[in-house]
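# A structural walkthrough
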Amino acid sequence: MFYDISVPFSASTPPWPDDVGFSCGWTCRREEGSSVNLGVLSTSAHVGTHADAPLHVQSSWPASESLPASVFVGEVQLVALPADFDAAMDITIPVLRALLGAHVPTRVIVRTGHSVAGGVFPEAWPALTADAATWLVQHGLTLLGVDAPSVDRRTSTELPVHNAIFSGGAFVLENLALDVVPVGRYELLAQPLAVHGADAAPVRALLRAMRES
């Protein structure tokens, strides 16, 4: 069984405030005498589900062509914050220990309950502390995914979680649609598009239920 956990790059998907939303225009139309319809896309790389490149937070760090496809494919643990976990609360190391248990998986997806998937950009969402992000990568994390628009808080300018994840050699996947997906172990299929020179790349993200041995 597959779950499509992608937020689409669509005109109906709310972009980050003041960012460029998605639109599809046309350079050729059959109705106007052309042999084909030929579209042109305009969008921020952060509108739908996407993988940030290290360049997103540090100008000297690698761009989107450096995103390793293998990191975005493989076993992943989906966990969910409690329903009463307030958007102002921090996701600390004890919170992660309670969600993950004694072992930190290679890939972790966190459902915060604050997503653009419903058509509205959230006012706020919970985020990891810098210490929690560092703790994850020190224990072997290579990919952190969230349903929120960012692994950092909406108001953050220092972006400590991005910096901790990238400096530890791991990566991030943002803007996931997780509302109908039960917590558990899955196979993640979420390769970034082969975009060069950008600070992020769009992703079509799928989860496939793991077969129990």
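Scroll up for the structure.
Because the structure is a prediction, the values reported are computed rather than measured.

## Points about the environment of I165
- Tracing the sequence through the fold places I165 in helix 3 (residues 160–167).
- Along the chain, I165 and A130 lie 35 residues apart, while their C-alpha atoms are 8.9 Å from each other.

## Overview of the pairing of strand 7 (residues 107–111)
- Among the five residues of strand 7, five are classified as buried, and the element is accordingly described as predominantly covered.
- Judged by which residues are buried, strand 7 turns out to be covered on both faces: R107, I109 and R111 on one side and V108 and V110 on the other are all buried.
- Note: strand 5 (residues 73–80) against strand 7, four bridges, orientation parallel. Residue A80 lies in a different strand from strand 7, and its bridge partner there is R111.
- As defined by bridge partners, strand 7 adjoins strand 9 (residues 143–146) across four bridges and the pair is classed as parallel. The residue bridging V110 from the neighbouring strand is V146, located in strand 9.

## Points about the packing of helix 2 (residues 130–138) against helix 3
- Close contact between helix 2 and helix 3 brings their axes to 8 Å; oriented N to C, the two are set at 15°. If you check the angle between helix 2 and helix 3, you find them roughly parallel. Taken as a pair, helix 2 and helix 3 cross one another with a handedness that is right-handed. Two secondary-structure elements touch here, helix 2 through A130, A133, T134 and V137 and helix 3 through P160, V161, A164 and I165.
- Classifying every residue of the contact of helix 2 with helix 3 gives seven nonpolar, one polar and no charged.

## With respect to the packing of helix 1 (residues 93–100) against helix 2
- With their axes 9 Å apart at the nearest point, helix 1 and helix 2 run at an angle of 45° to one another. As judged from the angle between their axes, helix 1 and helix 2 are oblique. Note on element contacts: helix 2 touches helix 1 through D131, A132, W135 and L136, opposite I93, L96, R97 and L100.
- Here the contact of helix 1 with helix 2 is composed, by residue class, of six nonpolar, no polar and two charged.

## So, unusual backbone geometry
- Of note in this structure, D18 is not a glycine but carries a positive phi near 75°.
- By the secondary structure assignment, D18 is in the loop between strand 1 (2–4) and strand 2 (23–28).
- Positive phi, normally seen in glycine, also occurs at N175, with a value near 65°.
- Take N175: it is sitting in the loop between strand 10 (171–174) and strand 11 (184–189).
- Judged by its relative accessible area of 2%, N175 is buried.

## Quick look at the sheet that holds strand 9
- Spatially, the nine strands line up as an open sheet ordered 1-13-11-5-7-9-10-4-12, and their pairing is mixed. One side of each edge strand has no neighbouring strand; the edge strands of this open sheet are strand 1 and strand 12 (200–202). Strand-to-strand twist of the sheet, defined as the mean angle between neighbouring strand axes without regard to direction, takes the value 30°.
- The pairing of strand 5 with strand 11 spans six bridges and is antiparallel. Opposite G74, over in strand 11, you have L188 as the bridge partner.
- On the sheet, helix 3 packs against strand 4 (50–52), strand 9 and strand 10 and is oriented at approximately 135° with respect to strand 10.

Scoring rules and cut-offs
Residues numbered from 1 in each chain as written. Predicted model: local features only at pLDDT ≥ 70, side-chain atom pairs only at ≥ 80, totals over all residues. Heavy atoms only, no water. Helix = DSSP H or I, 4+ residues; strand = E, 2+ residues; numbered from the N terminus. Buried < 20%, exposed > 50% of the residue type's maximum accessible area, 1.4 Å probe, protein only. Pairing = 2+ DSSP bridges. Axes fitted to C-alpha atoms, helices over the stretch in contact; angles between N-to-C directions. Parallel < 35°, antiparallel > 145°, perpendicular 65-115°, else oblique. Left-handed = near helix turned anticlockwise from the far one by under 90°. Contact = heavy atoms within 4.5 Å. Nonpolar A, V, L, I, M, F, W, Y, C, P; charged D, E, K, R; others polar.

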